[in-house]
Amino acid sequence: MTRTTNPACACGRDHFARREEQNFSGFDQVVLDLSRFMLNIFGHKDSSSWMQAMELAEQAAGTGDGPVLLARVTAVIRAIMHERSECFHYLSPCCLHISDHEIAMMQAVQKARSGDWKAFDAAARALVQGQACGRTKLAMVALVSPIATARDSESRQIGEFLGATPPDVYH
């Protein structure tokens, strides 16, 4: 599944910030899109979003690690939904804009990836509106941690034997 970017977004959400204005890495872009697909499933029970999310995850992390990446993103979404007192506003996966709640989530992900734990704690608390955020923080730390099989030498040997090396989406 190749992500396409349209120069103009027809969603009518010009009051939201645009994705390209954020300083997102490739990993951040994938996490945002996977989050949107999963939130779409929770909100609309749309099975096509599940398949699109799996396709994107496998493209980003490979067929072995893609499902793990998607499970980790899903754990983050579930934790946020559990710990926030208000609804989490998100936009559709193809939208070029980004909601304030999505920005808060991605800022927390970026702080977790940076290893700045004090800033990460503050960002996670802001994301869940000052509520207890232990579940969200645990899920985000797992999300940004390397997937074990992608680092395992045996997995690399199997991938090389099959003619493909597992991709490294974390660096």
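As a starting point, this report considers the structure included with it.

Thresholds, definitions, all that
Residues numbered from 1 in each chain as written. Predicted model: local features only at pLDDT ≥ 70, side-chain atom pairs only at ≥ 80, totals over all residues. Heavy atoms only, no water. Salt bridge = Lys/Arg side-chain N within 4 Å of Asp/Glu carboxyl O. Buried < 20%, exposed > 50% of the residue type's maximum accessible area, 1.4 Å probe, protein only. Phe/Tyr/Trp six-rings, centres within 6.5 Å; stacked < 30°, edge-to-face > 60°. Helix = DSSP H or I, 4+ residues; strand = E, 2+ residues; numbered from the N terminus. Axes fitted to C-alpha atoms, helices over the stretch in contact; angles between N-to-C directions. Parallel < 35°, antiparallel > 145°, perpendicular 65-115°, else oblique. Left-handed = near helix turned anticlockwise from the far one by under 90°. Contact = heavy atoms within 4.5 Å.

1. Things to note about the pattern of salt bridges
- According to the stated counting rule, one finds 6 salt bridges in the structure shown.
- Salt-bridge contacts for Glu-20 lead to Arg-18; the nearest nitrogen and oxygen are separated by 2.9 Å.
- On the basis of relative accessible area, Glu-20 is assigned to the exposed category, the value being 55%.
- Given the relative accessible area of 17%, Arg-18 is considered buried.
- We note a salt bridge from Lys-137 to Asp-121, for which the minimum N-O separation is 2.5 Å.

2. Here we look at the packing of aromatic side chains
- By the definition in use, this model includes 1 aromatic pair.
- An angle of 75° between the planes, with centres 5.7 Å apart, marks the rings of Trp-117 and Phe-120 as edge-to-face. With a gap of 3 residues between them, Trp-117 and Phe-120 both fall in helix 4 (residues 117-127), about one helical turn apart.
- Take Trp-117: its relative accessible area is 47%, and that puts it in the partly exposed class.

3. Looking at the packing of helix 3 (residues 100-114) against helix 5 (residues 134-144)
- Where helix 3 contacts helix 5, the axes come no closer than 9 Å and their chain directions differ by 60°. Viewed along their axes, helix 3 and helix 5 adopt a mutual orientation that is oblique. Both helix 3 and helix 5 take part in a crossing whose hand is right-handed. Touching Met-105, Ala-108, Val-109, Ala-112 and Arg-113 of helix 3 are Met-140, Leu-143 and Val-144, all from helix 5.

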